[in-house]
Amino acid sequence: MDSTFSLPADSGAAEIFDDASGAVPSFLDRLFDQGLLVRTGIDGLYGRSGAFESVVDALERLISRLGATDSAEVMRFPPAMSRPAFERSGYLKGFPNLAGTVHSFCGNEAEHAELLACVEARNDWTGHQQATDIVLTPAACYPLYPAAAARGRLPAEGGLFDLQSYCFRREPSLEPTRMQLFRMREFVRMGSPEQVLAFRESWLARGSEMIRSLALPLAIDVANDPFFGRAGRMLANNQRQQNLKFELNVPVNSVEKPTACLSFNYHQDHFGTTWDLRQADGSVAHTACVGFGLERITLALLRHHGLDLAAWPDSVRTTLWG
Ligand code: AMP
Ligand code: ZN
């Protein structure tokens, strides 16, 4: 796989990346100053302007057009999922540090008074909260697997779903590309190994074509998920050795450390076994997904074509807005 970037000689790309000296405003500061992102006081938690959202909306339509011939079944979940389903998914084994859980106050009036006294005194009031049966969605496909399994066996042609969700990952950062709440568009394929690998192959090609049509430099690389701890390093090595995850990278924050804007994941029978998801012939289903980081692609466009959408190259504007 190619992992070198071919930036056009006259793109000025070298100058568009941050100066580590801090002498010039960071990309994040420029996004705030331009009003494209709105500060909340929390790193990785931002508001988005109408202009920013107009790009996200256009990307969604572009992705829909690219996948239209496949007639995926559209499903939308809120950005939260069942805690029992989350526990069963195995997410806590791999990524305990990224998970976000929803807690609520379940006390009586006396405990309410204690809670308010804690808030007033600026003491920790969260001890008065209890875990609910809801957790935040870590990836758009997580709520799908139990819902699909509950329908019974897949049809002979397998399953194909079109998802989009805000996702939560506890990874605060000053890099605008690493948010704590961000949107992921996904297509998920379920079926035989051949069916799901053919799906992943087709999206590697379509995804690359899409990013090229947006005049962005890209490289496809084998990748791994950020599994937690020492056992996690083995899982990550295994994932790489078996080519289970590819990422489409675009330089956004720096040329040296490009940003994964799309991911192409083959889960083998992991979710099939976990959820007892079966093919038409009764054998365990394999699954694969392609994920589009909607904010990351938007940020890549802003980085390479500038913060003024009206000044973007005509070809890019036509791809996005016709
Ligand atoms: P993953 O499940 O980690 O492969 O993520 C799928 C896609 O979501 C990635 O290719 C990114 O484009 C996007 N993504 C992942 N983490 C973040 C984040 N912290 N902030 C913004 N986008 C993200
Ligand atoms: Zn997925």
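Residues numbered from 1 in each chain as written. Chains lettered and ligands numbered in written order. Predicted model: local features only at pLDDT ≥ 70, side-chain atom pairs only at ≥ 80, totals over all residues. Heavy atoms only, no water.

Asker: Outline the site of ligand 1, supporting the account with residue identities and numerical values.
Answerer: The environment of ligand 1 is made up of 14 residues, and the closest members are Arg169, Glu171, Met179, Lys245 and Ser263. At a separation of 2.7 Å, an oxygen atom of ligand 1 approaches a polar side-chain atom of Lys245. Within the backbone of Gly293, an N or O atom sits 3.3 Å from an oxygen atom of ligand 1. Across the complex, the protein chains shield 93% of the 490 Å² of accessible surface that ligand 1 would expose by itself. (Near = heavy atom within 4 Å. Polar contact = N/O pair within 3.5 Å; in protein donor to acceptor, adjacent residues only side chain to side chain. Areas by Shrake-Rupley, 256 points an atom, 1.4 Å probe, with all protein chains shown as cover.)

Asker: An account of the state of the cysteines is requested, with residue identities and associated values reported.
Answerer: Throughout the structure, instances matching the rule amount to 0 disulfides. Of all cysteine sulfurs in the structure, the one in Cys141 sits closest to Cys167, which takes part in no disulfide; the separation is 8.3 Å. The closest cysteine sulfur to the non-disulfide-bonded Cys261 is located on Cys167, 15 Å from its own sulfur. (Disulfide = S-S within 2.5 Å.)

Asker: A description of the environment of Arg200 should follow, citing residues and the corresponding values.
Answerer: As for its position among the elements, Arg200 is in helix H8 (residues 193-213). Sequence-wise, Arg200 and Gly291 are 91 residues apart; in three dimensions their C-alpha atoms are separated by 11 Å. Contact partners of Arg200, with chain neighbours within four places excluded, come to Asn243, Leu244, Lys245, Phe246, Phe264, Asn265 and Tyr266. (Helix = DSSP H or I, 4+ residues; strand = E, 2+ residues; numbered from the N terminus. Contact = heavy atoms within 4.5 Å.)

Asker: Before we move on, can you summarise the sheet that holds strand E6 (residues 129-136) with the specific residues and values?
Answerer: Spatially, 3 strands are ordered E4-E6-E5 in an open sheet, and the strand pairing comes out antiparallel. Among the strands making up the open sheet, the edge pair consists of strand E4 (80-82) and strand E5 (101-105). The mean angle between the axes of side-by-side strands here comes to 55°, regardless of whether they run parallel or antiparallel. One ladder, built from 4 bridges, connects E5 with E6; its direction is antiparallel. By the bridge assignment, Ser104 is partnered in E6 with Gln130. (Pairing = 2+ DSSP bridges. Axes fitted to C-alpha atoms, helices over the stretch in contact; angles between N-to-C directions.)

Asker: For the packing of aromatic side chains, give the residues involved together with the corresponding values.
Answerer: Any pair of aromatic rings gets described here by the distance separating the centres and the angle formed by the planes. Taken as a whole and judged by the stated rule, the model has 11 aromatic pairs. With a centroid separation of 6.4 Å and 85° between ring planes, the pair formed by Phe187 and Phe292 is classed as edge-to-face. A residue pair is termed long-range when its members are at least 10 positions apart, and Phe187 in strand E8 (residues 181-191) and Phe292 in strand E12 (residues 286-293) qualify at 105 residues. One exposure class covers both Phe187 and Phe292, and it is buried. Centroid distance Trp203 to Phe292: 5.6 Å. Interplanar angle 85°. Geometry classified as edge-to-face. Here the residue Trp203 occupies a position in helix H8, and Phe292 occupies one in strand E12, the gap between them amounting to 89 residues. Take Phe292: its relative accessible area is 0%, and that puts it in the buried class. Ring pairs connect the aromatic residues Phe86, Tyr91, Phe95, Tyr142, Tyr145, Phe227 and Phe271, which therefore count as one cluster. The lysine or arginine in question, Arg303, covers the ring of Phe27, its NZ or CZ lying 4.1 Å from the ring centre. (Phe/Tyr/Trp six-rings, centres within 6.5 Å; stacked < 30°, edge-to-face > 60°. Buried < 20%, exposed > 50% of the residue type's maximum accessible area, 1.4 Å probe, protein only. Lys NZ or Arg CZ within 6 Å of the ring centre and 35° of its normal.)

Asker: Explain the nonpolar core to me, using residue names and the numbers behind them.
Answerer: In this structure, Ile211, Leu214, Ile297, Leu301 and Leu302 are the most contacted members of the largest nonpolar core, which totals 80 residues. Ranked by residue count, the leading element in this core is helix H3 (residues 50-67), at 7 residues. With sequence-adjacent residues up to four places away left out, Leu301 is seen in contact with Val55, Leu59, Leu214, Leu216, Gly306, Trp312, Val316 and Leu320. (Core = buried A, V, L, I, M, F, W, Y, C linked by side-chain atoms within 4.5 Å.)

Asker: Help me get a handle on the sheet that holds strand E7 (residues 159-168), residues and values and all.
Answerer: Spatial strand order, E3-E7-E8-E12-E11-E10-E9: 7 strands in an open sheet with mixed pairing. One side of each edge strand has no neighbouring strand; the edge strands of this open sheet are strand E3 (73-74) and strand E9 (219-222). Direction of pairing for E8 relative to E12: antiparallel, over a ladder of 8 bridges. Note on E12: the bridge partner recorded for Val188 is Cys289. Sheet contacts for H8: E7, E8, E9, strand E10 (245-250), strand E11 (259-268) and E12; angle to E8, the most-contacted strand, approximately 140°.

Asker: Now, about helix H6 (residues 109-120): what can you tell me, with residues and values included?
Answerer: Between its first and last C-alpha atoms H6 spans 16 Å; for 12 residues at 1.5 Å apiece the expected length is 16 Å, and the two agree. By the N-cap criterion, in which a side-chain oxygen at the helix start approaches the backbone nitrogen of a residue two or three places on, H6 is capped by Asn108, the distance to Ala110 being 3.2 Å. Immediately downstream of H6, the backbone of Arg122 shows phi near 55°, a positive value. (Expected span 1.5 Å × (residues − 1).)

Asker: So, the environment of Asp269: which residues are in play, and what are the values?
Answerer: Take Asp269: it is sitting in the loop between E11 and helix H10 (270-275). For the pair formed by Asp269 and His286, sequence separation is 17 residues and the distance between their alpha carbons is 4.5 Å. When neighbours within four sequence positions are excluded, Asp269 is seen to be in contact with Val284, Ala285 and His286.

All we've got here are geometric facts, nothing functional implied.
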